[in-house]
Amino acid sequence: MSSKNKYERIDEEIKGYTQEEQPGTEHTMDPAPIYDAEYYKGSGKLKGKVAIITGGDSGIGRAVAVAYAKEGADLVIGYLDEDKDAEETKKVVQSYGVKCEIKSFDVTKKSECKELVEFTVDNFGKLNILVNHAGVQYPTEDLLEITEEQLKTTFETNVYGFIFMAQAALPHLEKGDAIVNTTSVTAYRGSPELIEYSATNGAITSLTRSLSANLADKGIRVNGVAPGPIYTPLIPATFDAEKVEKHGHETPMGRRGQPSELAPCYVLLASEDSSYMTGQVLHVNGGGFTTT
Ligand SMILES: NC(=O)C1=CN([C@@H]2O[C@H](COP(=O)(O)OP(=O)(O)OC[C@H]3O[C@@H](n4cnc5c(N)ncnc54)[C@H](O)[C@@H]3O)[C@@H](O)[C@H]2O)C=CC1
Ligand SMILES: CC(=O)C(C)=O
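Residues numbered from 1 in each chain as written. Chains lettered and ligands numbered in written order. Predicted model: local features only at pLDDT ≥ 70, side-chain atom pairs only at ≥ 80, totals over all residues. Heavy atoms only, no water.

Q: Kindly report on the environment of Ile-60, identifying the contributing residues and their values.
A: You can see Ile-60 is positioned in helix 2 (residues 59–70). In the structure, Ile-60 is positioned 171 residues away from Tyr-231 in sequence and 8.5 Å away in space, judged by C-alpha atoms. When neighbours within four sequence positions are excluded, Ile-60 is seen to be in contact with His-133, Pro-227, Ile-230, Thr-232, Pro-259, Leu-262 and Tyr-266. (Helix = DSSP H or I, 4+ residues; strand = E, 2+ residues; numbered from the N terminus. Contact = heavy atoms within 4.5 Å.)

This is the structure in structure tokens:
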């Protein structure tokens, strides 16, 4: 019988529990998500670059921040209101010898997206990479229970916010720069209880393709990552305890993913290693879901 790796072991340790509010908190998660893979060594792929990561204080965004730091990028982390997680992310990122600023903002407000970009340019003089990652979901089993307010919040955060950030960033982006959008496996396979959320991810996937075509002549590439079930604050903050415990067990790999397992894809899509890729989505989901 083969021995279990660290991802399989942590998966077994996770018991059902929930958090009361969305966005959730990473510092209260036990076991803590894996966001920094020791085996991942940077090689200067993003040296001299400046990146904004929305939703970068926790979860997948935090793992992306750490990998970008290892690759030499200076960072601005935008997040809604969880200062403790953001401070911790800043500390870890700075430990890799790069600069990092954190800023609370509301991605649903166009003016605040513009302010986040201006804050970045004021601090670091430029912007090369935008990672659109901030998002929300409100699992609802009955279509009739999706309120207008829930629909509005989900679309304003997950779709309007991505477009506001891209609009704010565009005047600063130059040939060779990149946008990376987080979509979801739910855009491809649907979800019976994440109806409007999976629709926003379908929109993000289409946005990625359209924006890539729109910006290709400027030499700005736009790609996406579609995570499957990943252990982040979003999960206990939105699913019930049973779902949290079994998250990802339906995948062919039989477990959820850890944030550190996605970060290399975000590095690839932001760096020159993917210079001939645009309008594409990378799928990190434990296997088996439709990816066309
Ligand atoms: N965890 C998972 O299994 C999956 C997550 N995703 C995507 O990942 C993203 C969520 O990130 P995770 O790393 O999972 O969880 P997370 O809970 O760590 O991140 C959510 C982030 O969104 C930010 N946010 C929420 N509303 C905001 C607002 N109005 N203004 C500014 N920031 C706001 C929060 O501050 C937080 O940083 C979403 O885009 C989601 O669709 C996609 C597929 C699977
Ligand atoms: C939150 C989400 O997109 C999944 C796949 O769980």
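Q: Can you tell me about the layout of surface pockets, naming the residues and giving the values?
A: There is about 160 Å³ of room inside the second largest pocket. As for the second largest pocket, its lining consists of Lys-45, Lys-49, Gly-176, Gly-219, Arg-221, Ala-270, Ser-271, Glu-272 and Ser-275. In terms of residue class, the lining of the second largest pocket is built from 1 nonpolar, 4 polar and 4 charged. (1 Å grid on protein atoms, 1.4 Å probe; cavity = no way out; pocket = protein on both sides within 12 Å on 5 of 7 lines; lining within 4 Å. Points joined across faces, edges and corners; volume = space filled by probe spheres on them. Nonpolar A, V, L, I, M, F, W, Y, C, P; charged D, E, K, R; others polar.)

Q: Quick one: what's the story with helix 3 (residues 83–94), residue by residue and with numbers?
A: Given 3.6 residues to a turn, an α-helix orients residues that are three or four positions apart in the same direction. Here helix 3 is 12 residues long and its end C-alpha atoms lie 16 Å apart, about the 16 Å a rise of 1.5 Å per residue gives. Residues of helix 3 that are buried include every one of Asp-85, Ala-86, Thr-89, Lys-90, Val-92 and Val-93, and no others. Buried residues of helix 3 fall within an arc of 165° about the axis and therefore sit on the same side. Facing away from the buried side of helix 3 by over 90 degrees, the exposed positions are Lys-84 and Lys-91. Where helix 3 is buried, its residues contact helix 2, strand 2 (74–79) and strand 3 (100–104). (Expected span 1.5 Å × (residues − 1). Buried < 20%, exposed > 50% of the residue type's maximum accessible area, 1.4 Å probe, protein only. Arc of directions from axis to C-beta.)

Q: How would you summarise the side chain of Glu-196 if you had to cite specific residues and measurements?
A: Along the chain, Glu-196 turns up in helix 7 (residues 195–215). Each residue touching Glu-196, except ones within four places of it in the same chain, is listed here: Tyr-138, Ile-146, Gln-150, Leu-151, Thr-154 and Phe-155.

Q: Can you tell me about the site of ligand 2, naming the residues and giving the values?
A: Surrounding ligand 2, one finds Gln-137, Ser-184, Val-185, Thr-186, Tyr-197, Gly-228 and His-247. Separating an oxygen atom of ligand 2 from a side-chain N or O atom of Ser-184 is a distance of 2.9 Å. Burial of ligand 2 by the surrounding chains reaches 92%, relative to a free accessible area of 230 Å². Class assignment for the residues of the shell around ligand 2 results in 2 nonpolar, 5 polar and no charged. (Near = heavy atom within 4 Å. Polar contact = N/O pair within 3.5 Å; in protein donor to acceptor, adjacent residues only side chain to side chain. Areas by Shrake-Rupley, 256 points an atom, 1.4 Å probe, with all protein chains shown as cover.)

Q: Before we move on, can you summarise the site of ligand 1 with the specific residues and values?
A: Near ligand 1, the surroundings consist of 29 residues, among which Asp-57, Ser-58, Ile-60, Tyr-197 and Thr-232 are the closest. Take Ile-60: an N or O atom from its main chain is 2.8 Å from an oxygen atom of ligand 1. Interatomic distance of 3.3 Å between a backbone N/O atom of Gly-135 and an oxygen atom of ligand 1. Across the complex, the protein chains shield 96% of the 820 Å² of accessible surface that ligand 1 would expose by itself. Elements with a contribution of two residues or more to the shell around ligand 1: helix 2 and helix 8 (234–238). Class assignment of the residues belonging to the shell around ligand 1 gives a composition of 15 nonpolar, 12 polar and 2 charged.

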